[in-house]
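What follows is each chain in one-letter form.
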Amino acid sequence: MPLADDIARAELALLRERDLLRALEPLRSPPGAEIELRPGERLINLSSNDYLGLAGDARIAAAFAEGARRWGAGAGASRLVCGDFPPHHELEDALAEFEATEAAVLFNSGYAANCGLLPVFAGPEDLVLSDALNHASLIDACRLSRARVEVYPHGDAAAVDELLETKRARRKLVVTDAIFSMDGDRAPIGELAASCERHGAMLFVDEAHATGVLGPRGAGLVAESGVHVDVRMATLSKAAGALGAYVPATRAVRDLLVNRARPLVFSTALPAAMACAALAAVRILAGPEGDERRARLWSNVRRFAAGLEALGLAARADSAIFPVVLGEPARALQAAARLRERGVLVKPIRPPTVPPGTSRLRIALSAAHTEQHLDATLEALREAL
Ligand SMILES: *Cc1c(COP(=O)(O)O)cnc(C)c1O
């Protein structure tokens with residue numbers, strides 16, 4: 001049996017050979033539209049999911065600090081045991097109000113929420129239909145559920161309808177990202193909802209990149225589309241600039257998740273201080289300032305899409321995410337390095353985050369970007385590509 005270090009060296013050599021090796025690189029500044037990586041290296045940051053520019057917000061940081069002084073840094077136990085604090089409930093109540101649902105259930109992360117949620121509703125007797133480009137946390141959630149999983153072609157509502165028509169199972173669930181994390185396009189939510197309704201199937205939508213960005217008060221793609229969706233998951237880690245995730249729910253669904261969702265039952269609670277931070281973030285995100293930030297974000301999206309088109313690059317102004325697909329990993333690495341030389345940080349995205357042959361630059365815009373940031377980025381792209 002090789003030891004861990006031998007295995008690691010062999011695996012790393014393979015990754016390096018395929019241009020798939022990744023490494024950590026800490027920021028030397030708070031998150032924001034401009035960041036510092038190497039000492040003295042100022043970069044325009046287009047790699048964060050900080051869509052409203054709230055991740056470094058001083059008011060949210062103050063709520064976090066205040067919460068930590070009042071409640072401590074650690075929760076001490078899972079919520080069911082002894083880690084449940086008033087801020088968790090205040091946040092859940094605020095989220096339920098924001099979502100206009102009876103209740104909401106907080107999770108420590110979007111990853112944990114997906115892995116907790118899906119196995120509660122799908123088991124070995126059930127069928128899950130999963131979009132080919134769903135986020136890794138949904139893929140892992142599908143596996144954990146032990147349901148039969150059929151992966152349907154990306155965004156193909158007709159294929160979903162066909163599968164729902166022909167396959168037999170106790171329950172059928174369709175699982176999709178609202179906005180796809182690496183492509184920035186939107187799920188055909190209206191068609192999926194209609195198809196699920198026709199076939200008595202459940203629809204499960206992950207709003208990670210839509211909450212705070214789309215819909216009235218930033219309530220997401222489902223809210224914008226005005227369709228009925230059974231189960232939704234939204235994160236507090238992207239546009240909200242904090243950490244955690246939640247499931248808007250009926251009281252019964254909430255009670256069931258509190259009993260059965262394993263990441264909630266078997267993992268230490270989110271620190272109460274983070275619930276305080278997230279509450280401050282949600283109040284900003286859902287209020288008039290959130291609307292102003294969304295207006296700035298969407299104006300950035302339109303300006304940037306027009307700029308990409310002027311460079312001869314395809315651009316869809318569906319979300320704050322713009323992929324520039326380059327193909328092999330080496331090409332994405334090279335393009336990212338050239339951008340960085342020009343003061344622009346766009347991390348290359350390679351398999352397994354995206355399918356083989358579709359390595360890319362993934363450009364994510366923020367309300368915090370100025371027109372100068374966008375124009376400088378477009379100019380750097382023109383030179384780098
Ligand atoms: C980022 C992301 C998650 C995970 O959320 P975290 O809060 O970062 O754990 C889940 N789903 C999608 C679609 C995501 O992009």
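Residues numbered from 1 in each chain as written. Predicted model: local features only at pLDDT ≥ 70, side-chain atom pairs only at ≥ 80, totals over all residues. Heavy atoms only, no water.

Structural notes on the side chain of D50
Structurally, D50 is set in the loop between β2 (42-45) and α2 (58-71). At 7.0 Å, R293 is the nearest oppositely charged side chain to D50, a buried residue that forms no salt bridge. Within the structure, D50 has its side chain in polar contact with the backbone nitrogen of A55 (distance 2.9 Å). Look past the residues within four positions of D50 in its chain and what remains in contact with it is A55, K238 and S366. (Helix = DSSP H or I, 4+ residues; strand = E, 2+ residues; numbered from the N terminus. Buried < 20%, exposed > 50% of the residue type's maximum accessible area, 1.4 Å probe, protein only. Lys, Arg positive; Asp, Glu negative; His and termini not counted. Salt bridge = Lys/Arg side-chain N within 4 Å of Asp/Glu carboxyl O. Polar contact = N/O pair within 3.5 Å; in protein donor to acceptor, adjacent residues only side chain to side chain. Contact = heavy atoms within 4.5 Å.)

Things to note about the pairing of strand β3 (residues 103-107)
Most of β3 sits out of view: five of its five residues are buried. Neither face of β3 is left uncovered, since the one carrying A103, V105 and F107 and the one carrying A104 and L106 both have all their residues buried.

Let's talk about the sheet that holds strand β7 (residues 202-206)
Reading across from one edge, β3-β9-β8-β7-β6-β4-β5 is the order of the seven strands in this open sheet, with mixed pairing throughout. Only two strands of the sheet have a single neighbouring strand rather than two, namely β3 and β5 (148-152). Pairwise comparison of adjacent strand axes, ignoring direction, gives a mean angle of 20° for this sheet. Two elements, strand β4 (residues 127-131) and β5, share five bridges in a ladder whose sense is parallel. Paired with D131 across the two strands is Y152, which belongs to β5. Contacting β5, β6 (172-177) and β7, helix α8 (residues 189-199) crosses the sheet at an angle of about 155° to β7. (Pairing = 2+ DSSP bridges. Axes fitted to C-alpha atoms, helices over the stretch in contact; angles between N-to-C directions.)

A word on the packing of aromatic side chains
The geometry of two aromatic rings is summed up by the distance between their centres and the angle between their planes. Using the criterion set out here, one finds two aromatic pairs in the structure. Taking 5.3 Å as the distance between ring centres and 65° as the angle between the ring planes, the aromatic pair formed by F304 and F322 counts as edge-to-face. Pair noted here: F304 is in helix α13 (residues 288-310) and F322 is in strand β10 (residues 321-327), with a separation of 18 residues, a long-range link. F322 matches F304 in its accessibility class, with the two residues each being buried. Taking NZ or CZ as reference, R70 lies 4.2 Å from the ring centre of W71, over its face. (Phe/Tyr/Trp six-rings, centres within 6.5 Å; stacked < 30°, edge-to-face > 60°. Lys NZ or Arg CZ within 6 Å of the ring centre and 35° of its normal.)

Observations regarding the packing of α13 against helix α15 (residues 371-384)
Packing of α13 against α15 brings their axes to within 10 Å, and their N-to-C directions diverge by 20°. As far as their axial angle goes, α15 and α13 are roughly parallel. Both α13 and α15 take part in a crossing whose hand is right-handed. The residues of α15 that touch α13, namely those facing N300, R303, F304, G307 and L308, are E371, L374, D375, T377, L378 and L381. In terms of residue class, the contact of α13 with α15 is built from five nonpolar, three polar and three charged. (Parallel < 35°, antiparallel > 145°, perpendicular 65-115°, else oblique. Left-handed = near helix turned anticlockwise from the far one by under 90°. Nonpolar A, V, L, I, M, F, W, Y, C, P; charged D, E, K, R; others polar.)

Brief notes about the sheet that holds β10
Strand order in the open sheet formed by three strands is β10-β13-β12, with antiparallel pairing between adjacent strands. Edge positions in the sheet fall to β10 and β12 (348-349), since each has one partner strand and no second. Taken together, the two bridges between β12 and strand β13 (residues 359-364) define a ladder with antiparallel strand orientation. Pairing of P348 across the sheet is with L361, part of β13.

Here we look at the side chain of H209
Along the chain, H209 falls in the loop between β7 and α9 (221-225). Here the side chain of H209 touches Y51 through a polar contact of 2.6 Å, side chain to side chain. With near-sequence residues (within four places) excluded, H209 lies in contact with N49, Y51, I179, S181, K238, I321 and R362.

So, the pairing of β4
The buried fraction of β4 amounts to five of the five residues, a majority that puts the element mostly inside the structure. Of the two faces of β4, both are covered, the one formed by L127, L129 and D131 as well as the one formed by V128 and S130. Running through helix α6 (residues 136-145), the crossover from β4 to the neighbouring parallel element β5 is right-handed. Bridge analysis of β4 against β6 gives four bridges, and the strand direction is parallel. Residue V128 lies in a different strand from β6, and its bridge partner there is L173. (Right-handed = clockwise from strand over helix to strand, strands pointing away.)

Re α6
All of the buried residues along α6 are S137, L138, A141, C142 and S145. Angularly, the buried residues of α6 cover 145° about the axis, an arc narrow enough to put them on a single face. Exposed residues pointing more than 90 degrees away from the buried face of α6 are listed as R143 and L144. Lining the buried residues of α6 we find α5 (110-121), β4, β5, β6 and β7. (Arc of directions from axis to C-beta.)

What about the pattern of salt bridges?
The final tally for this structure, using the stated rule, is 29 salt bridges. A salt bridge links E41 to R340; the nearest nitrogen and oxygen atoms lie 2.8 Å apart. Taken together, the positions of E41 in the loop between β1 (34-36) and β2 and R340 in helix α14 (residues 329-341) put the pair 299 residues apart, joining distant regions of the chain. Both residues of the pair, E41 and R340, count as buried. Across the salt bridge formed by D291 and R294, the nearest N and O atoms sit 2.9 Å from each other. Of the two residues, D291 and R294 are both situated in helix α13; the distance of three residues between them amounts to about one turn of the helix.

Looking at the site of the ligand
G110, D206, H209, S237 and K238 are the nearest of the 14 residues found near the ligand. At 3.5 Å from a nitrogen atom of the ligand is found a side-chain nitrogen or oxygen belonging to H135. The separation between an oxygen atom of the ligand and a polar side-chain atom of K238 is 2.6 Å. Its free accessible area being 380 Å², the ligand has 86% of it covered by the protein chains. Ranked by residues supplied to the shell around the ligand, first place goes to α5 with three residues. Across the shell around the ligand, the residue classes break down as two nonpolar, nine polar and three charged. (Near = heavy atom within 4 Å. Areas by Shrake-Rupley, 256 points an atom, 1.4 Å probe, with all protein chains shown as cover.)

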